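Next come the chains, spelled out residue by residue.
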Amino acid sequence: MIRLPATLHIGRPPTVEEAANPDATGTVTTPAQTTSAPPADPADTSATKPGLRSQPTSGPQAVDGTRADGDGQRGASAKAASTKPDTATKPGTTMPSATAPGKEPNGKPGTATPGTAKGAAPGKTPAKGASPTEAPAKGSDGKPGATTSNAAASGPAAPSAAAPGTSKDAAPGKTPAKRPVTETAAAGTVPVPIVRPASAPSTGEAAAGTTPAGATPAGGSATGSATSGTAASASAAGASAGAVPVEAPQQASPMPAATPPTALPAPPQTATPQVATEQAQPQQATPQPTPGKPRTLGGRIGALVASAPKWLPVLLVLEGLVMYILALKVAPGPLRGVDPDDIDGLGLISALPATAFIAILIMIVSFFVTVAQSTDRKFLLLFQIAAITFALHGAGALVATAPRFPTAYIHAGFVEFISRTGESAISIDARMGWPGFFALFAFVTKAAGITDLTPILQWTPLVSNLLYLLPFVLILRQVVATTRARWFAALLFVLVQWIGQDYFSPQGFTFALYLAFIAILLRWFGRVEQRTKPIPPKGLRKLLGKLDAMTPGELANTGTYRADKLLMLMMLLALFVASVASHQITPFMMLGVVTAFLIFKRTSLTWGLPFFLGLLVLAWISYMTVGFWSSQIGAIFGGFGRILQNIGNSTGDRIEGSDPAHALVLQARLGILVVILSLAATGLFRRFRRGVFDRSALILLCVPVLALGLQSYGGEIGLRIYMFALPGACLLAAYAFFPNLPADSADVREETVPLRKRNVRFNPQLTKKLSVVLAACFAVLFAFAFLLARYGNEKFERVTTGEVAALHYVYQHDKPSAKVLYLVPKTGPEVTPTLPWGEKDVELVNFGVQARVHKDPTQIADAVAALKEQPRNSYLIVSRGQVSYLQLNEGFPEDWGTKFRAALDASPDLKRVFSNEDAALYTWKKFVRGTEIPEPQPYKGRGDPTTPWTPVGIGALAVTWVSLFAYEVIRLNGPNRARKARKRLIFLAVPAFVIALAVIIERFIYIAQNN
């Protein structure tokens, strides 16, 4: 029994009146149970729960509060009183009463935690001088305010909270740093607050409700409410094992609002300086900047420089983008603006200001600053590539006053015709035999109420290239490569895409479908299998076996559900059907890639798919484009097998220009081709040295080349091959700089080295830096070469508002029909007018008549004679684009256009009906009486020719497609599922396929002979 000198408060803190009493509050430990625990280790600093009083430890105690330890350290009574006398707890919570070990007051098992507090690594010792009040630890519920305590001050001392992360169960061999020892009392005692006279305060005590300087209340709230009235007890086992006290039932006395009471002055004590010194030690161990103290200028600059890798790339790309837009859109002046009159044989690059080149350089530098970092900042890299795409592929739209590239206008005319009539007419133009692209935009524009396609025509090149990036990035995700290699391949894809087929055209549209087709094949139907068979001992089979045993360059497709595969298979077929209905070449490229993937075992699909797709292409050509090929069999199959002739039509014949500057443009295009192919070969070789065989990339590069054996495609087959080979070429070219495999760790800085040590010749860190620098140099070179190659024809491919206005005059006077004669140096086929023709009324206005001109501008006889041969309402057009084409490619004089128009004006047989700075229209001056304007040629013919076997062929096609599709769907379940059902489908599909193919061949022969 202990005689208490003042009022005893159990379950609640003292009131304000009691706190104002001269008697100071203190604590006295009263025994709650007789169970005692063995003496605790003086270095035991187990984490305590803020808001719960520490459990004292039994052992010999000194009278003055100093524990009788062998090391002679002071007890924690004085320190605990000055660190955190009042720790906030949740209202309505009390310390659990003494129960059985590990039990809550209600008899339920308690929650025990190991000695190591949350967030502390095992075996780590607290820093020297660390204070128990550094930070509140988290309890078992994950919230601050409930941690265990194995040590508390004995005698009348305020409670203290141990620092989180300290543990009694420290790893063997680890000695905790020297620190003030927390004095403990007997296990099972309950600390309760009492009011004691102020005349006899405990040594080192602080006034109740005050917080010493530098001490932060638990939980992060600066509350000074005491924890008086919160009773705590722990079992004997819990006192030594670190049992966690749990909250008492809610019927306990609630805590009042946590408001700091008025601090009472305490008389000076001798232990106060020592307490202040000990309390300052934790701040010396873990210094933190004072919130109110401003950081010095040097510190701010240092922090800003240290964080430069985060904000510098963003700043650079935004700066370059804004600079580029201003350089092209502002009025022409020093270092700014573009004057169209400055465009010469080099194209747009000759008129660009120097600031435009600097802006492109800044954006490329920002990209490599980002890609050289160890973090894969996907969204920033994608934005930087998009900004570079905008600068390169959007330059024409920023400079032009009207949509560039004349051929885009005729495609807009096809869309207008289908939207107005609801049907296509192959008799008007052969491209209408593949109306998928035109029909799609006719539907969209009509549904959206769009009547003017000018904005769509102007921005289609930029939008198309941005769309190309999406499936190409998905393709890059399926290859085994480092992050730098993937993103550099994406950048290369933008920099070397100078082909110019991204305008409003079926080719640009179906190229996006082609990329999506490849992405689906690799992502959802990819197949990667390591070779298990032994390598043959010699011969070609040994070489092929070694290649097959190399590390695959693609990622395996795992974890895909059957429903997802079925959906993707239907999407694959939809993309192919859209390509078949829209373009002539793209379906063959898709079919070739699928077949090559099957040959090289890079897809899980079966051989039934190529037969399905191939039959689809042949059926479309045979049944849907009869009006085109029935009278042009020679044109279709004339170039078949003539590889060298097709190469000459696509390369050498295009360089035969008389203008030296323009010839440089054509040579630059071939130079880009040679460099990118050389880099691709280098990348393939470097991957071979690392034991990697990139079959998919090699397939994407080589399959398009096979198109050289088909036909010349109007002399453009080489351009189309280059376009379709770009995905594989760019990926392999990126391996020339970054050939390593990605590391197993998440840090992309760690990359593998060649498999054989003799291949390592330089410091890997140095070679990585050199690779980034070399890649950046090539990127800058490709960017400037792109401007030369892509916009080298800008002098005659640029369309002006004056030329558009001249043709609009024709459309206003084309009833019932009209003809337009365009200028050519020599008459012949495969000559496309270099003017914005066919935007409207494609069935009324005929642009198929040529007028021959000569280098001497005064020789107009042939042009006048060609006009006289045509009926009324025929117009001879002289436009800026035609004149520029003749000057650059045919060697016509510089002032030829002006003199030629003057000669036409002086002709007595011609009359000028429209004229502006860019174009002029001439027609007959006199007409024979009674001459009428003819009716337009009807686009609806007698119908497509057919053969007797056509119905049989259509039925066989349906049976074949249904059988092969069902076979492919069943095969998605696995190679061993429903073998009998698949065998029956094969027996049904094979004869149907043979019949369908025979009917297609019969149609080609029969219709060609009869037409």
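Just so it is clear, the structure is predicted and the values come from calculations on it, not from any experiment. In this convention, every chain numbers its residues from 1, walking through the sequence in written order. At least 70 in pLDDT is required for a residue's local features to be given in this predicted model, at least 80 for side-chain atom pairs to be given and counted, and no such filter applies to totals for whole chains, interfaces and linings, which use all residues. To obtain the side-chain values, all non-hydrogen atoms of the structure were used and water was disregarded.

## Comments concerning the overall build of the protein
Helix numbering and strand numbering both begin at the N terminus, where a helix is a DSSP run of H or I of at least 4 residues and a strand a DSSP run of E of at least 2. Looking only at helices and strands, the protein has 32 helices and 9 strands in total. Only protein chains enter the calculation, and the probe is 1.4 Å; a residue is then buried if its accessible area is under 20% of its type maximum, exposed if over 50%, and partly exposed in between. Taking all 1011 residues of the protein together, the buried fraction comes to 50%. Contacts are residue-level and defined by heavy atoms, with any inter-residue pair within 4.5 Å sufficient. Partitioning the contacts of the protein with sequence separation of at least 6, the portion at a separation of at least 24 is 83%. Accessible surface for the protein amounts to roughly 46500 Å². Of this, 62% is attributable to carbon and sulfur atoms. Note on areas: these come from Shrake-Rupley sampling with a 1.4 Å probe, and a residue is covered only by the protein chains present in the view.

## Focus: a positive patch on the surface
A cluster of basic residues, Arg979, Lys980, Lys983 and Arg984, forms a positive patch on the protein surface. Secondary-structure assignment places lysine 980 in helix α32 (residues 979-1010). Looking at lysine 980, the relative accessible area reads 65%, which means it is exposed. Any residue with relative accessible area above 30% and no salt bridge may belong to a patch, with like charges joined within 9 Å and the nonpolar Val, Leu, Ile, Met, Phe, Trp and Tyr side chains within 5 Å. When a carboxyl oxygen of Asp or Glu lies within 4 Å of a side-chain nitrogen of Lys or Arg, that pair is called a salt bridge. Only four residue types enter the tally: Lys and Arg on the positive side, Asp and Glu on the negative side, with His and both chain ends excluded. To locate a charge, the coordinates of NZ of Lys, CZ of Arg, CG of Asp or CD of Glu are taken.

## Notes on the pattern of salt bridges
Throughout the structure, instances matching the rule amount to 18 salt bridges. One salt bridge connects arginine 420 with glutamate 416, and the closest N-O pair in it is separated by 2.8 Å. Separated by 4 residues within a single helix, arginine 420 and glutamate 416 lie in helix α10 (residues 407-421), roughly one turn from each other. Residue classification places arginine 420 among the partly exposed residues on the basis of a relative accessible area of 39%. Linking lysine 899 and aspartate 895 is a salt bridge whose minimum nitrogen-to-oxygen distance equals 3.0 Å. The class for aspartate 895 is partly exposed, based on a relative accessible area of 35%. The structure contains a network of salt bridges with shared partners spanning Arg404, Glu794 and Glu797.

## Overview of the layout of surface pockets
As a volume, the second largest pocket reaches approximately 670 Å³. Cavity and pocket criteria rest on a 1 Å grid covering protein atoms alone: a 1.4 Å probe that fits but cannot get out defines a cavity, protein on both sides within 12 Å along at least 5 of 7 lines defines an open pocket, and an atom within 4 Å of a point defines a lining residue. Taken together, 25 residues make up the lining of the second largest pocket; nearest its centre are Asp341, Arg880, Ser884, Glu917 and Asp918. Put simply, the parts of the chain that give the lining of the second largest pocket at least two residues each are β7 (874-879), α29 (880-890) and α30 (896-906). Here the element with the most residues in the lining of the second largest pocket is α29; it accounts for 4 residues. Considered class by class, the residues forming the lining of the second largest pocket number 7 nonpolar, 8 polar and 10 charged. Boundaries between domains were set according to an automatic or database domain assignment. Structurally, the lining of the second largest pocket is a two-domain feature, drawing no fewer than three residues from each of domain 1 (348-531 + 539-605 + 644-742 + 764-794) and domain 2 (800-924). Grid points are joined across faces, edges and corners, and a volume is the space filled by probe spheres set on the points. We call Asp, Glu, Lys and Arg charged. Ala, Val, Leu, Ile, Met, Phe, Trp, Tyr, Cys and Pro are nonpolar, and the rest, Gly among them, are polar.

## Quick look at the packing of helix α31 (residues 950-971) against α32
Relative orientation of the contacting elements α31 and α32 amounts to 145°, with a least axis distance of 7 Å. Pair α31 / α32 crosses with left-handed handedness. Looking at side-chain class alone, the contact of α31 with α32 contains 18 nonpolar, 4 polar and 3 charged residues. Axes here mean lines fitted to C-alpha atoms, for a helix over just the part in contact, with angles spanning 0 to 180 degrees between N-to-C directions. Crossing handedness is defined as follows: a turn of the near helix away from the far one that is anticlockwise and smaller than a right angle gives a left-handed crossing, while the clockwise case is right-handed.

## Some points on the pairing of strand β8 (residues 910-915)
DSSP calls a pair of strands paired once it identifies at least 2 bridges connecting them. Alignment of β8 against strand β9 (residues 919-924), held across 5 bridges, turns out to be antiparallel. Paired with serine 915 across the strands is alanine 920, a residue of β9. Counting the residues between successive antiparallel strands, the hairpin from β8 to β9 contains 3 residues.

## Details of a nonpolar patch on the surface
A cluster of nonpolar residues, Trp459, Val463, Leu467 and Leu470, forms a patch on the protein surface that exposes about 370 Å² of accessible area. Within the fold, leucine 467 resides in helix α12 (residues 454-476). Judged by its relative accessible area of 46%, leucine 467 falls in the partly exposed class.

## Regarding the pairing of strand β5 (residues 818-824)
Most of β5 sits out of view: 6 of its 7 residues are buried. Bridging between β5 and strand β6 (residues 845-852) involves 6 bridges; their strand directions are parallel. From the neighbouring strand, valine 824 faces β6, where its bridge partner is arginine 852. Strand direction decides the pairing type here: β5 and β7, joined by 3 bridges, are parallel. Each residue of the ladder has a partner; that of valine 820, found in β7, is tyrosine 875.

## Considering the environment of glutamate 319
With respect to the helices and strands, glutamate 319 occurs in helix α6 (residues 308-329). Distance in space between the C-alpha atoms of glutamate 319 and isoleucine 362 is 7.9 Å, their sequence separation being 43 residues.

## As for the sheet that holds β9
With mixed pairing, 5 strands are arranged side by side in an open sheet as β6-β5-β7-β9-β8. The sheet terminates laterally at β6 and β8, the two strands that pair on one side only. Sheet twist, expressed as the average angle between the axes of neighbouring strands with direction ignored, equals 30°. Relative to β9, β7 runs antiparallel, the two sharing 4 bridges. Within β9, the residue paired with isoleucine 877 across the bridge is leucine 921. Sheet strands in contact with helix α27 (residues 801-812) are β5, β6, β7, β8 and β9, and its direction is about 30° off that of β9. Of the strands in this sheet, β5 and β7 are in contact with α29, which crosses β7 at around 60°.

## Considerations on unusual backbone geometry
What you tend to see is this: most non-glycine residues have negative phi, and most peptide bonds are trans. Backbone torsion omega between lysine 815 and proline 816 reads -5°, so that peptide bond is classified as cis. In this structure, proline 816 sits in the loop between α27 and β5. The phi dihedral of leucine 335 falls on the positive side, at around 60°, and the residue is not glycine. Mapped onto the elements of the fold, leucine 335 is located in the loop between α6 and α7 (354-371). Looking at leucine 335, the relative accessible area reads 57%, which means it is exposed.

## Quick notes on the environment of aspartate 344
As for its position among the elements, aspartate 344 is in the loop between α6 and α7. In sequence terms aspartate 344 and alanine 661 are 317 residues apart; their C-alpha atoms lie 8.0 Å from each other. Those residues within four positions of aspartate 344 in sequence are excluded, and the remaining contacts are Ser350 and Lys795.

## Regarding the packing of aromatic side chains
We call Phe, Tyr and Trp rings a pair once their centres come within 6.5 Å, taking the six-membered ring for Trp, and we label the pair stacked below 30 degrees between planes, edge-to-face above 60, and tilted otherwise. Inspection of every chain in the model, using the stated rule, returns 33 aromatic pairs. With a centroid separation of 4.4 Å and an interplanar angle of 20°, the aromatic rings of phenylalanine 472 and phenylalanine 493 are classed as stacked. Placement of the pair is phenylalanine 472 in helix α12 and phenylalanine 493 in helix α13 (residues 483-495), with a sequence separation of 21 residues. Residue classification places phenylalanine 472 among the buried positions, given a relative accessible area of 1%. Residues phenylalanine 488 and phenylalanine 738 carry aromatic rings whose centres are separated by 5.9 Å and whose planes lie at 80° to one another, so their mutual orientation is edge-to-face. Placement of phenylalanine 488 in helix α13 and of phenylalanine 738 in the loop between α24 (717-735) and α25 (764-790) is noted, with a sequence separation of 250 residues between them. Aromatic ring contacts, followed pair by pair, group Phe367, Phe368, Phe488, Phe737, Phe738, Phe778 and Phe782 into a single cluster. Residue placement shows arginine 687 over the ring face of tyrosine 735; its charged tip is 3.9 Å from the ring centre. Either the NZ atom of lysine or the CZ atom of arginine qualifies as a charge over a ring when it sits within 6 Å of the ring centre and within 35 degrees of the ring normal.

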